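Working through the structure, step by step
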Amino acid sequence: MTRSDTPLVRFHGVRKSFGELEVLKGIDLEVASGEVVALIGRSGSGKSTALRCVNGLERINAGELTVCGRALHGGKVDLRDLRQDVGIVFQSYNLFPHLTVEQNVTLAPRKVHKIGAAEARDLAEQVLAQVGLSEKAKNYPEQLSGGQQQRVAIARSLAMRPKLILFDEVTSALDPELTGEVLRVIAKLAAEGMTMMLVTHEMAFARSVADQVVFMHQGRIWESGKGDMLDDPQTPELRQFVGNGL
């Protein structure tokens, strides 16, 4: 896998507050092209906020944040342009119920890239095959399980040909069996070289798939390293977090 020397994502001293509450307290983090970074930690530790800053859903208050060559800490950022390079998949699938799977997947490429109907069908076929749902193109969301809907949401993100995909606790609303099918798709994308940042509570998955595991605690990066760091925590906070099986 080829990785450039310039990180695709770079946090340097990033701070983010909501009113009086400081949620990110000086974050330093780099994500290389082709790397999978898992953000773990308790609720309220700042991991989802960090993820949302990368997509421009939240604006940082201080520090520097560079994403896909764009300085998000500067003046005006073209969010529409940024989001062509940075996809995001949420816990809720956010599929349009009145559109078929194929239509959900191709809506953004048709509007943004102005592709025609035939190209859109080919694109849908390709990305649905990536997530194992080729046979569901003509179905509507209500005809799918939660795990299948989440995989459609991933396909929809892939259809924009992003350089980076963000996953914000995408399995937290799913039962174990459906969680497994979604995680297998993400692991497959990792093997194919997709750059990803994911907020997850799936410790075994983070350990096995992530190139870098980042444990956040009270708005700071407390520990980071390879997946095996979860087997030998260096701080009491991570030891307790892992020990609780969260």
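Residues numbered from 1 in each chain as written. Predicted model: local features only at pLDDT ≥ 70, side-chain atom pairs only at ≥ 80, totals over all residues. Heavy atoms only, no water.

1. Some details on the environment of A129
- Among the structural elements, A129 can be located in helix α4 (residues 117–130).
- In this structure A129 comes out as partly exposed when scored by relative accessible area, which is 41%.
- Note: C-alpha distance between A129 and R110 (19 residues apart in sequence) is 19 Å. (Helix = DSSP H or I, 4+ residues; strand = E, 2+ residues; numbered from the N terminus. Buried < 20%, exposed > 50% of the residue type's maximum accessible area, 1.4 Å probe, protein only.)

2. Let's talk about the side chain of K136
- Here K136 is to be found in the loop between α4 and α5 (146–158).
- The charged side chain of K136 is buried without a salt bridge, its nearest counter-charge being E135 at 4.7 Å. (Lys, Arg positive; Asp, Glu negative; His and termini not counted. Salt bridge = Lys/Arg side-chain N within 4 Å of Asp/Glu carboxyl O.)

3. Side note on the state of the cysteines
- One pass over the structure, following the stated rule, counts zero disulfides.
- Free of any disulfide, C53 has its nearest cysteine sulfur in C68, 15 Å distant.
- Residue classification places C53 among the buried positions, given a relative accessible area of 1%. (Disulfide = S-S within 2.5 Å.)

4. Topic: the pairing of strand β3 (residues 36–40)
- Within β3, five of the five residues are buried, which leaves the element mostly enclosed by the surrounding structure.
- Neither face of β3 is left uncovered, since the one carrying V36, A38 and I40 and the one carrying V37 and L39 both have all their residues buried.
- As defined by bridge partners, β3 adjoins strand β8 (residues 195–199) across four bridges and the pair is classed as parallel. Residue pairing in the sheet places A38 in a bridge with L198 of β8. (Pairing = 2+ DSSP bridges.)

5. Some remarks on the sheet that holds β8
- Pairing is mixed across the open sheet formed by six strands, whose spatial order is β6-β7-β8-β3-β9-β10. Edge strands, defined here as strands with exactly one partner in the open sheet, are β6 (86–89) and β10 (220–225). Here the average twist between neighbouring strands, direction ignored, is 20 degrees.
- Relative to β8, strand β7 (residues 164–168) is paired through five bridges, and the arrangement is parallel. Note that in β8 the partner of I165 across the bridge is M196.
- Each of β6 and β7 touches α5; the most contacted strand, β6, lies at about 170 degrees to it.
- In the packing of helix α6 (residues 176–191) onto the sheet, contacts are made with β3, β7 and β8, and the angle to β8 comes to roughly 150 degrees. (Axes fitted to C-alpha atoms, helices over the stretch in contact; angles between N-to-C directions. Contact = heavy atoms within 4.5 Å.)

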